[in-house]
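# Architecture at a glance
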Amino acid sequence: GDLQAREKGSLLAFQEGEVTSFGCEGAQDRGRLFVKSQDEVYKGMIIGIHQRPGDLDVNVCKTKQLTNMRSANKGITVGVTAPVDMSLDACVEYIAVDELLEVTPTAFRMAKNPDMWPKKGGKKK
């Protein structure tokens, strides 16, 4: 039979680096995450389920700006929710035609296929 396409898009890592809890707080407003703090990610890696159709790049590696200024919302902290635990079967079911599944002894990582990324336009004259 035909494969059913998923309705929601993916959250993609904006840059390579280590996931921070501050970055997770901002990203969890956009959808459910597959990664947790201190995980290593790379650009184009699928790190969660976007709550709307279409993919969204999010920066989960950003750090909190350290200043000596006082903040009105300093005492307000937002908890980081636990990541969605994806099994091999769940990963295979989740990926779309333009996505890859990387299987290592310690993790399953999904990413956009770089060969299918939109090409940049030529120089305008």
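It should be noted that the structure appears before, not after, this text.
These numbers come from a predicted model, not from an experiment.

On a plain count of helices and strands, the protein comes out with two helices and eight strands. Helices and strands appear in the protein in the N-to-C order β-β-α-β-β-β-β-α-β-β. Evaluated residue by residue, the protein yields a buried proportion of 28% over its 125 residues. A fraction of 61% describes how many contacts in the protein between residues 6 or more apart in sequence connect residues 24 or more apart. Per element, the accessible surface of the protein, about 9600 Å² overall, is 52% carbon and sulfur.

Glancing now at the side chain of threonine 20. Note on placement: threonine 20 falls in the loop between β2 (17-18) and α1 (21-27). In terms of polar contacts, threonine 20 uses its side chain to reach the backbone amide nitrogen of glycine 23, at 3.0 Å.

Attention now moves to the nonpolar core. Counting 13 residues, the largest nonpolar core has Val19, Val35, Val41, Met45, Ile47, Val58 and Val60 as its most contacted members. Apart from residues lying up to four places away in sequence, methionine 45 is in contact with Leu11, Leu12, Ala13, Val35, Glu40, Arg109, Met110 and Ala111. Counting residues in hydrophobic clusters, the runner-up holds eight residues, among them Leu12, Phe34, Ile49 and Cys91.

So, on to the packing of aromatic side chains. Inspection of the entire model under this criterion finds one aromatic pair. Ring geometry for phenylalanine 34 against tyrosine 94: centres 5.6 Å apart, planes inclined by 90°, an arrangement best described as edge-to-face. One end of the pair, phenylalanine 34, is in the loop between β3 (31-33) and β4 (40-41); the other, tyrosine 94, is in helix α2 (residues 88-94), and 60 residues separate them in sequence. Just as phenylalanine 34 is buried, tyrosine 94 falls in that class too.

Topologically, serine 10 is positioned in strand β1 (residues 10-13). Apart from residues no more than four positions distant in its own chain, serine 10 is found in contact with Ile46, Gly48, His50, Gly54, Asp55, Leu56, Tyr94 and Glu99.

With the rule as written, the count across this model stands at five salt bridges. Measuring nitrogen to oxygen at the nearest pair gives 2.6 Å for the salt bridge that ties lysine 112 to aspartate 55. In this pair, lysine 112 sits in strand β8 (residues 108-112) while aspartate 55 sits in the loop between β5 (45-50) and β6 (56-58), placing the two residues 57 residues apart along the sequence. Its salt-bridge partner being lysine 112, residue glutamate 99 comes within 3.0 Å of it at the nearest N-O pair. Of this pair, glutamate 99 sits in strand β7 (residues 99-103) while lysine 112 sits in strand β8; the two residues are 13 residues apart in sequence, bridging distant segments of the chain. Accessibility assignment for this pair places glutamate 99 and lysine 112 in one class, buried.

The subject of this paragraph is the pairing of β7. Bridging between β7 and β8 involves five bridges; their strand directions are antiparallel. Residue pairing across strands places leucine 101 opposite methionine 110, the latter belonging to β8. The antiparallel pairing of β7 with β8 creates a hairpin that spans four residues between the two strands.

This part is about the pairing of β5. Of all six residues in β5, six are buried; the element is thus mostly enclosed. Sheet topology note: the β1/β5 ladder contains three bridges and is antiparallel. Residue leucine 11 lies in a different strand from β5, and its bridge partner there is glycine 48. Of the pairings in the sheet, the one linking β3 to β5 comprises three bridges and is antiparallel in character. The residue of β5 that forms the bridge with glycine 31 is histidine 50.

Conventions and cut-offs
Residues numbered from 1 in each chain as written. Predicted model: local features only at pLDDT ≥ 70, side-chain atom pairs only at ≥ 80, totals over all residues. Heavy atoms only, no water. Helix = DSSP H or I, 4+ residues; strand = E, 2+ residues; numbered from the N terminus. Buried < 20%, exposed > 50% of the residue type's maximum accessible area, 1.4 Å probe, protein only. Contact = heavy atoms within 4.5 Å. Areas by Shrake-Rupley, 256 points an atom, 1.4 Å probe, with all protein chains shown as cover. Polar contact = N/O pair within 3.5 Å; in protein donor to acceptor, adjacent residues only side chain to side chain. Core = buried A, V, L, I, M, F, W, Y, C linked by side-chain atoms within 4.5 Å. Phe/Tyr/Trp six-rings, centres within 6.5 Å; stacked < 30°, edge-to-face > 60°. Salt bridge = Lys/Arg side-chain N within 4 Å of Asp/Glu carboxyl O. Pairing = 2+ DSSP bridges.

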